[in-house]
Amino acid sequence: MKLLVRPEASAAAGALLIWLLFAAIAGPPFRSLEGAAAALNAAAPLGILAVAVALLMIAGEFDLSVGSIIGAAGMSVMLLTRHFDWSLWPAIALTVLLCAAIGFGNGYLVVRTGLPSFIVTLGSLFVFRGLTIAVSRQLTQRTQLGGLDEVAGYRAAQTLLGGDLVGPFQVSILWWIGLAALATWVLLRTRFGNWIFATGGAPEAARKLGVPVARVKIVLFILTALAACLVAVIQAVRFAGADALRGEQQEFRAIIAVVIGGTLLTGGYGSAVGAVLGALIFGTVQQGIVITGVDADWFQVFLGSLLVAAVLVNNFVRSRVAGTR
Amino acid sequence: MTEPIIRVERVSKSFGRVIALRDVSLSVQPGQVTCLLGDNGAGKSTLIQILAGVHRPTGGHYLVDGEAVQFNSPREALTRGIATVYQDLALIPLLSVWRNFFLGAEPCRGAGILRRIDVGYCERVARQELEHLGVSLRDSAQAVGTLSGGERQAVAIARALHFGARVLILDEPTAALGVKQATAVLGFIARARDRGVGVVFVTHNPRQAHPIGDRFVVLRRGEVLGDYRKSHIGLERLADMMAGGDAPSSRLMEQQN
Amino acid sequence: MSGAVKASLSRRLRSGIRALPILTALVTMVACGSESGPSAGKAGAGDAGRSAVRIVMVTHGQTSDPFWSVVANGVADAGRELGVRVEYQAPSSFDMVRMSQLIDAAVASRPSALAVSIPDPSATARSIKAAIAAGIPALSLNAGDEAWERLGLLGHIGQTEYEAGRAAGERLAVHGAKRVLCVNHEVGNTSLDTRCRGLRDGLAKRGAAMLVLGINLADPEDATQRIKNALGRDAAVDGMLTLGPGGAAPALTALRESGHLGRIAIGTFDLTPEVLAAVRDGRLLFAIDQQPYLQGYLAVVLLTKYLETKAIPGGGQLIRTGPSFVTRETAADVIALAKRGIR
């Protein structure tokens with residue numbers, strides 16, 4: 001029964017049941033290759049975010065600005081290439097550095113001021129979304145830019161980032177799974193992973209034992225920013241353009257996916273594999289509803305119900321594991 | 001008579017205008033249990049914080065192995081082998097026993113990008129150290145939160161001992177425990193003592209202190225009410241003192257020799 | 001219902017079945033599955049072949065938007081009258097990533113035919129081409145009059161943005177405007193950009209000039225303020241064209257508050273009750289109706305007929321549903337029809 005107590009257990013059962021549900025209701029179209037691809041392709045960008053957000057949440061912090069960073073990073077690539085005539089790969093490199101800097105800024109602010117990361121990154125959410133809109137309009141009078149496919153270096157980027165892997169399945173799926181595997185290994189098998197758990201579970205105790213809590217948090221904020229950057233670049237390449245509003249609400253979806261996957265909102269407990277399953281459930285539901293032929297507005301009702309249910313299950317699991325009454 | 005590992009001589013501590021300790025002396029011998037008794041507000045916490053390196057005394061001397069020291073942080077005290085287990089145990093309930101055990105000191109193998117924790121070693125050693133205290137776990141991968149109060153104390157104590165504690169300061173380890181668990185903890189203290197560690201056992205329960213202690217130091221309102229060896233004081237008298245029988249008097253200090 | 005269900009479920013939880021999230025999903029899904037809306041078309045005239053037909057429409061506009069609500073009404077009416085099943089899908093905001101995911105899901109569901117709007121051709125091109133490669137008959141509506149042909153669609157139903165803009169420009173110039181503000185409420189939608197371009201050319205033919213002003217509809221207060229600022233900055237502006245009812249409302253407010261009502265000739269794209277009332281009262285010079293009801297209606301009709309006969313008007317052409325100019329003279333009639341949700 002130890003297996004049932006693992007954080008991913010309820011998420012795995014959930015993913016399986018969701019799949020069975022849609023397979024029954026929507027029939028062959030859902031079970032087809034296109035159906036599976038539709039679900040996985042929708043899950044991948046969310047999954048990339050969720051993996052990084054999971055690590056941060058295990059360490060006890062939130063990053064609400066990842067959605068805005070997606071918008072900012074996409075716009076950064078487009079402005080550098082289309083407005084300043086850079087070629088694609090240098091533009092991507094600079095954008096990566098920019099996102100890392102944003103992540104560092106978030107982390108440093110949180111650690112220095114001691115303010116809840118919820119508040120600090122909520123501020124970043126507005127600042128960077130605003131900057132994205134303002135700067136793009138200042139330079140181009142538009143908030144949507146296109147034409148990335150005409151830039152030097154696009155072909156390689158398509159293959160590596162934005163294109164299809166095999167059949168209807170996109171390359172982003174590979175990035176997602178790869179990052180999840182890396183995150184799981186770090187979390188469970190390295191010193192840093194132990195520190196992440198400790199930082200979230202009992203930061204004061206961890207500090208007393210010599211864990212560099214501040215450094216752990218800053219690194220994790222940089223990682224969430226970089227994950228957002230990756231999603232943005234993948235989407236910019238795939239859709240050959242960027243939109244200043246892209247990524248809106250992704251931060252909340254990422255958190256939901258992470259919580260569904262068994263990570264506690266209070267930190268100290270969770271898994272990257274769970275985040276993968278959470279994103280998978282999300283993507284499956286998102287596309288499954290449409291394939292079934294149901295009005296997409298019901299999606300939000302489902303979202304809310306699932307969040308509450310996930311939190312209830314999490315509480316139950318936690319009370320079993322931590323032995324609290 | 002062996003040299004005490006640590007000794008404080010006539011230390012005082014004030015916080016602003018509040019005098020928390022006045023003229024307190026105490027010594028800790030290897031392989032002996034010194035019980036530090038007193039009601040709430042007697043100054044026990046302040047005294048052990050001085051021993052642990054959290055505070056510096058405002059008066060008096062602190063000697064380790066016979067030489068005067070001034071600790072700037074608990075880490076410095078830790079490197080001299082003075083380990084403190086506070087009431088929160090510094091354990092993370094959601095993490096496994098071995099992860100807690102080796103937190104901050106995880107043994108690694110491999111190099112560069114493949115550097116990883118030696119999980120096998122951690123699980124094995126954590127389990128062994130607990131065995132030495134008499135606690136057998138099915139599996140050291142189980143979460144600390146699933147352990148009983150006494151078992152958690154064992155983890156904290158075993159961790160301190162494993163990483164080389166010579167002096168073990170236990171801050172009210174039995175306070176939140178039932179009788180059975182408390183007895184188990186007393187057992188751990190005995191085993192630690194048998195390994196040559198000097199234990200400072202802070203408690204306000206004389207009935208628990210008396211069976212296990214070799215020395216008893218009773219504090220009241222920041223001063224030493226009495227300092228006795230086991231042979232010189234019985235349980236009734238000890239309980240009486242705790243309940244407020246005698247007036248504080250520094251002349252009641254029993255000399256070491 | 002949900003309260004009692006959840007209570008008995010959590011009892012089962014204690015015996016180890018982590019069913020709560022899944023069962024909640026089940027309950028909600030069953031509830032959703034029985035939902036009827038634009039997505040349920042009852043088989044009407046007893047044609048067995050038709051009841052097996054399922055047409056999915058994916059657009060960039062939600063049914064909560066009054067414009068798209070009329071489109072969806074057209075879709076639903078056509079479905080009911082022809083006896084085919086119809087479904088309407090759209091992202092919850094202007095989001096090309098989500099829209100392409102919706103098209104992918106629609107394609108995976110193997111509909112009989114597909115109708116899409118194309119506000120950003122390069123973003124949704126791949127998904128549309130996949131639909132066509134999968135052999136699904138598809139046409140476009142509303143947005144995409146410049147892209148549909150090269151994407152391989154059967155046809156396009158809508159209003160050519162450029163020509164509508166140009167016609168509007170000519171009208172404003174005839175009325176006497178020399179400097180016209182083009183108020184764009186959805187910067188990034190290439191159709192709207194084309195409208196402004198058409199406006200510019202229509203005005204230029206008669207020697208008038210155009211400026212573009214972008215506004216953000218998410219904050220109507222801010223939009224009104226921006227328009228006022230623009231008018232304040234440039235006193236020579238004597239004409240305005242808003243590209244949608246979302247822009248018309250703050251524009252009229254701005255004009256009224258800054259006292260320019262009557263001095264500045266203003267027209268708008270698309271109809272709402274407020275816009276129609278303003279036209280009837282003379283506050284708006286005209287409103288351009290692209291006749292969204294027909295866009296939805298004709299899309300379903302043409303696709304159904306194509307499935308049955310493989311025939312499509314013009315052998316694959318752009319079918320214009322606009323521009324139709326609603327002026328003071330015709331406003332009253334249109335208002336009556338709009339009340340029924342069909343104009």
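Residues numbered from 1 in each chain as written. Chains lettered and ligands numbered in written order. Predicted model: local features only at pLDDT ≥ 70, side-chain atom pairs only at ≥ 80, totals over all residues. Heavy atoms only, no water.

S.K.: Give a description of the overall build of chain C that names residues and reports values.
M.R.: A tally of regular secondary structure across chain C gives 14 helices and 12 strands. Within chain C, the proportion of its 343 residues that are buried is 57%. Sequence-distant contacts, at least 24 apart, represent 73% of the contacts inside chain C between residues at least 6 apart. As displayed, chain C has an accessible area near 13,600 Å², and 52% of this comes from carbon and sulfur atoms. (Helix = DSSP H or I, 4+ residues; strand = E, 2+ residues; numbered from the N terminus. Buried < 20%, exposed > 50% of the residue type's maximum accessible area, 1.4 Å probe, protein only. Contact = heavy atoms within 4.5 Å. Areas by Shrake-Rupley, 256 points an atom, 1.4 Å probe, with all protein chains shown as cover.)

S.K.: So what's going on with the packing of helix α10 (residues 220-233) of chain C against helix α11 (residues 245-257) of chain C? Residues and values would help.
M.R.: Residues and elements named next belong to chain C. Running from N to C, α10 and α11 cross one another at 55°; their axes reach a closest spacing of 8 Å. Judged by the inter-axis angle, α10 sits oblique to α11. Like other packed secondary-structure pairs, α10 and α11 cross with a definite hand, here right-handed. Contacts from Pro-220, Ala-223, Thr-224, Ile-227, Lys-228 and Leu-231 of α10 reach α11 at Pro-250, Ala-251, Thr-253, Ala-254, Leu-255 and Glu-257. Its residues assigned to classes, the contact of α10 with α11 comprises eight nonpolar, two polar and two charged. (Axes fitted to C-alpha atoms, helices over the stretch in contact; angles between N-to-C directions. Parallel < 35°, antiparallel > 145°, perpendicular 65-115°, else oblique. Left-handed = near helix turned anticlockwise from the far one by under 90°. Nonpolar A, V, L, I, M, F, W, Y, C, P; charged D, E, K, R; others polar.)

S.K.: Hey, could you go over the pairing of strand β9 (residues 265-269) of chain C for me, with residue numbers and the actual values?
M.R.: All names here are of chain C. With respect to burial, β9 is a largely interior element, five of its five residues being buried. Of the two faces of β9, the one carrying Ala-265, Gly-267 and Phe-269 and the one carrying Ile-266 and Thr-268 are both buried. With four bridges joining them, strand β8 (residues 239-242) and β9 adopt parallel strand pairing. From the neighbouring strand, Met-240 faces β9, where its bridge partner is Ile-266. Two elements, β9 and strand β10 (residues 286-289), share three bridges in a ladder whose sense is parallel. Paired with Gly-267 across the bridge in β10 is Phe-286. At this point the chain moves from β9, through helix α12 (residues 273-281), to the parallel β10, and the crossover so formed is right-handed. (Pairing = 2+ DSSP bridges. Right-handed = clockwise from strand over helix to strand, strands pointing away.)

S.K.: Account for the sheet that holds strand β4 (residues 59-64) of chain B, naming residues and giving values.
M.R.: Where strands meet in a sheet, backbone hydrogen bonds hold them as pairs that are either parallel or antiparallel. Residues and elements named next belong to chain B. Taken in spatial order, the four strands of this open sheet run β2-β1-β4-β5, and their pairing is antiparallel. Where the open sheet ends on each side, the last strands, each with one partner, are β2 (18-28) and β5 (67-68). Where strand β1 (residues 6-15) lies against β2, seven bridges are found, and the strand directions are antiparallel. Bridge assignment links Ile-6 to a residue of β2, and that residue is Val-28. Against the sheet, helix α1 (residues 44-52) touches β1, β2 and β4, its axis set at about 120° to β1.

S.K.: Could you give an account of the interface of chain A and chain B, with specific residues and numbers?
M.R.: One frequent convention defines the size of an interface as the accessible area lost when the parts assemble. Residue-level contacts link 28 residues of chain A with 25 residues of chain B. Counting each side, the surface lost to burial between chain A and chain B is near 2,100 Å², with a carbon and sulfur contribution of 61%. The largest share of the area that chain A buries against chain B comes from Arg-191, Asn-194 and Leu-209 of chain A, three residues that together contribute 28% of it. On inspection of chain A and its partner chain B, the count reaches zero salt bridges. There are five residue pairs in polar contact (both at pLDDT 80 or more) connecting chain A and chain B. Among the elements that make up the side of chain A that touches chain B, the one with the highest residue count is helix α10 (residues 191-201) of chain A (six residues). Its residues placed into classes, the side of chain A that touches chain B shows 15 nonpolar, seven polar and six charged. (Buried area = accessible area lost by both parts, 1.4 Å probe. Salt bridge = Lys/Arg side-chain N within 4 Å of Asp/Glu carboxyl O. Polar contact = N/O pair within 3.5 Å; in protein donor to acceptor, adjacent residues only side chain to side chain.)

S.K.: Residues and numbers for the packing of aromatic side chains, please.
M.R.: In the structure shown here, the tally under the stated rule is 13 aromatic pairs over all chains. Each ring, one from Phe-104 of chain A and one from Tyr-108 of chain A, has its centre 5.8 Å from the other, and the planes form 20°; the classification is stacked. You can see Phe-104 of chain A and its partner Tyr-108 of chain A sitting in helix α6 (residues 88-113), four residues apart, about one turn around the helix. With a relative accessible area of 39%, Tyr-108 of chain A lands in the partly exposed category. A ring pair is formed by Phe-286 of chain C and Phe-325 of chain C, whose centres lie 5.3 Å apart and whose planes are at 75°; its orientation type is edge-to-face. Highlighted residues: Phe-286 of chain C in strand β10 and Phe-325 of chain C in strand β12 (residues 324-326), separated in sequence by 39 residues. (Phe/Tyr/Trp six-rings, centres within 6.5 Å; stacked < 30°, edge-to-face > 60°.)

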